[in-house]
Amino acid sequence: MTLQRRITFWMIALAVTILFLWVFSPILLPFVAGMALAYLLDPVADRLEAIGMSRLWATITILILFLLIFVLFLVLLLPVLGNQLASLIAALPDYVSQLQAVIMDNFGEKLRRISGFGGNEVKNSLGNLMSQGASWLGNLLKSIWSGGQALMSIIALFVVTPVVAFYLLLDWDRMTAKVDSWLPREHRDLVHKLAHEIDLAVAGFVRGQVSVCLILGTFYAVGLAVLGLKFGLLIGIGAGLISFIPYIGATTGFILSLGVALVQFWPEWHMIVAVLAVFAIGQFLEGNILQPKLVGERVGLHPVWLMFALFAFGYLFGFVGMLVAVPVSAAIGVLARFALEQYLTSPLYYGAGPHEGPESRDGDG
């Protein structure tokens with residue numbers, strides 16, 4: 001097969017894959033979620049097999065434990081978070097008005113001197129800004145709430161996902177061996193190398209980042225709840241989970257917590273500073289301990305590329321797109337680096353005439 005035919009074949013395969021995701025994205029969620037769950041839990045199954053369990057019993061044990069934890073979350077935390085979310089949506093206009101009053105009463109003169117506008121102009125501008133922000137946040141929270149209710153009403157998500165995860169986890173090794181048997185023998189080693197690098201990138205980021213999000217969410221929620229911040233549990237868990245998108249989770253949680261703390265605790269500065277300290281400590285832990293230890297440097301996913309991939313895939317394919325954004329972007333990153341390496345050693349880079357490669361130049365004295 002010529003190079004042109006190979007390129008044509010893979011371009012057609014890519015187009016078919018994108019078309020498939022676009023057409024079937026409304027029904028793919030439980031299947032993609034099951035596949036992601038099986039991928040995350042496969043190393044655990046391998047370890048249980050290593051200590052003497054059969055693959056079947058290892059799969060059953062893992063899924064039972066996972067389902068028990070998930071049911072406990074639904075029973076214990078979800079009602080509390082749902083009530084806090086509904087209360088926050090209802091109380092948001094009052095909080096905006098109170099926050100505006102606190103800012104104008106205590107910082108209005110400073111804002112007037114900095115901006116050069118009169119008190120009424122500053123108040124109106126600040127009010128418009130906060131109203132627009134509150135409107136956007138309120139719509140976002142309502143969409144999350146209604147989307148969460150719709151998601152909870154889809155029984156298939158809770159029925160199909162465990163079934164898909166069970167069969168994929170049970171047959172994972174057989175499936176990978178079957179796919180390996182389909183590889184062209186000429187390029188088998190190269191495909192293995194690239195697949196291994198993609199697996200390292202995806203596993204290193206997804207498994208590590210999931211751990212980081214859970215730890216941060218727990219830390220923020222406990223810290224804010226201990227301080228007595230209203231909606232602290234919801235804000236903390238939300239900030240931790242959204243930390244999957246770099247900088248967005250901590251920034252969102254920080255702004256919400258600061259606004260609620262100013263309304264709730266003013267003029268008790270020590271309580272407001274304590275709320276800010278929770279996020280400062282969380283950022284220190286994430287940047288200096290959690291990210292280096294759990295995610296590491298080998299992933300090769302730049303934060304800007306990751307954010308673009310999440311937004312782009314989410315826009316194109318909805319929530320299913322966000323689920324596949326990280327593994328696809330990691331795979332694209334690995335393939336792009338490989339393509340760049342090939343280009344830098346090809347005649348396209350050096351030209352058609354005789355040239356000296358990097359090795360010959362390094363050997364010259």
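(A) Broad picture of the nonpolar core. Formed by 37 residues in total, the largest nonpolar core has its most connected members in Leu41, Ile62, Leu169, Leu310, Phe313 and Val326. Of all the secondary-structure elements, those providing two or more residues to this core are α2 (29-50), α3 (55-115), α5 (155-170), α7 (188-226) and α11 (303-344). Those residues in contact with Leu169, other than ones at most four positions away along the chain, are Ala38, Leu41, Asp42, Ala45, Arg55, Thr59 and Ile62. Of all hydrophobic cores here, the second largest spans 31 residues; its members include Leu99, Val260, Ala261 and Leu290.

(B) Up close: the packing of α7 against helix α8 (residues 232-242). Their axes nearest at 7 Å, the elements α7 and α8 cross at an angle of 160°. Classified by the angle between their axes, α7 and α8 sit roughly antiparallel to one another. Crossing geometry of α7 relative to α8 is assigned as right-handed. Listed contacts from α8 to Cys213, Leu216, Gly217, Tyr220, Ala221 and Leu224 of α7 are Gly232, Leu233, Ile235, Gly236, Ile237, Ala239, Gly240 and Leu241.

(C) Representation of unusual backbone geometry in the model. Even without glycine at this site, Phe231 takes up a positive phi of about 60°. Its place among the elements puts Phe231 in the loop between α7 and α8.

(D) Structural view of helix α9 (residues 248-265). Taking 1.5 Å as the rise per residue, α9 with 18 residues should run 26 Å; its terminal C-alpha atoms sit 25 Å apart, in good agreement. For α9, the full list of buried residues reads Gly249, Ala250, Gly253, Ser257, Gly259, Val260, Ala261, Leu262, Val263 and Phe265.

(E) Focus on a nonpolar patch on the surface. Taken together, Leu19, Phe20, Trp22, Val23, Phe24 and Ile27 make up a surface patch of nonpolar side chains, about 620 Å² in accessible area. The topology assignment puts Phe24 in helix α1 (residues 3-24).

(F) How the structure looks around the side chain of Ser257. Structurally, Ser257 is set in helix α9. Among all residues touching Ser257, those that are not within four sequence positions of it are Leu224, Leu229, Ile235, Val275 and Phe279.

(G) How the structure looks around the packing of aromatic side chains. The final tally for this structure, using the stated rule, is six aromatic pairs. The interplanar angle of 85° and the centroid separation of 6.4 Å between the aromatic rings of Phe254 and Phe279 together place this pair among those described as edge-to-face. Note that Phe254 is positioned in helix α9 and Phe279 in helix α10 (residues 269-295), a separation of 25 residues in sequence. Judged by relative accessible area, Phe254 falls into the partly exposed class, the value being 33%. Residues Trp266 and Trp269 carry aromatic rings whose centres are separated by 5.1 Å and whose planes lie at 65° to one another, so their mutual orientation is edge-to-face. A relative accessible area of 22% means that Trp266 is categorised as partly exposed. The exposure class of Trp269 is partly exposed, given its relative accessible area of 47%. Through a chain of ring-to-ring contacts, the aromatic side chains of Phe219, Tyr220, Phe254 and Phe279 assemble into a single cluster.

Definitions and limits used
- Residues numbered from 1 in each chain as written.
- Predicted model: local features only at pLDDT ≥ 70, side-chain atom pairs only at ≥ 80, totals over all residues.
- Heavy atoms only, no water.
- Core = buried A, V, L, I, M, F, W, Y, C linked by side-chain atoms within 4.5 Å.
- Buried < 20%, exposed > 50% of the residue type's maximum accessible area, 1.4 Å probe, protein only.
- Helix = DSSP H or I, 4+ residues; strand = E, 2+ residues; numbered from the N terminus.
- Contact = heavy atoms within 4.5 Å.
- Axes fitted to C-alpha atoms, helices over the stretch in contact; angles between N-to-C directions.
- Parallel < 35°, antiparallel > 145°, perpendicular 65-115°, else oblique.
- Left-handed = near helix turned anticlockwise from the far one by under 90°.
- Expected span 1.5 Å × (residues − 1).
- Patch = residues over 30% accessible without salt bridge, like charges linked within 9 Å, V, L, I, M, F, W, Y side chains within 5 Å.
- Areas by Shrake-Rupley, 256 points an atom, 1.4 Å probe, with all protein chains shown as cover.
- Salt bridge = Lys/Arg side-chain N within 4 Å of Asp/Glu carboxyl O.
- Phe/Tyr/Trp six-rings, centres within 6.5 Å; stacked < 30°, edge-to-face > 60°.

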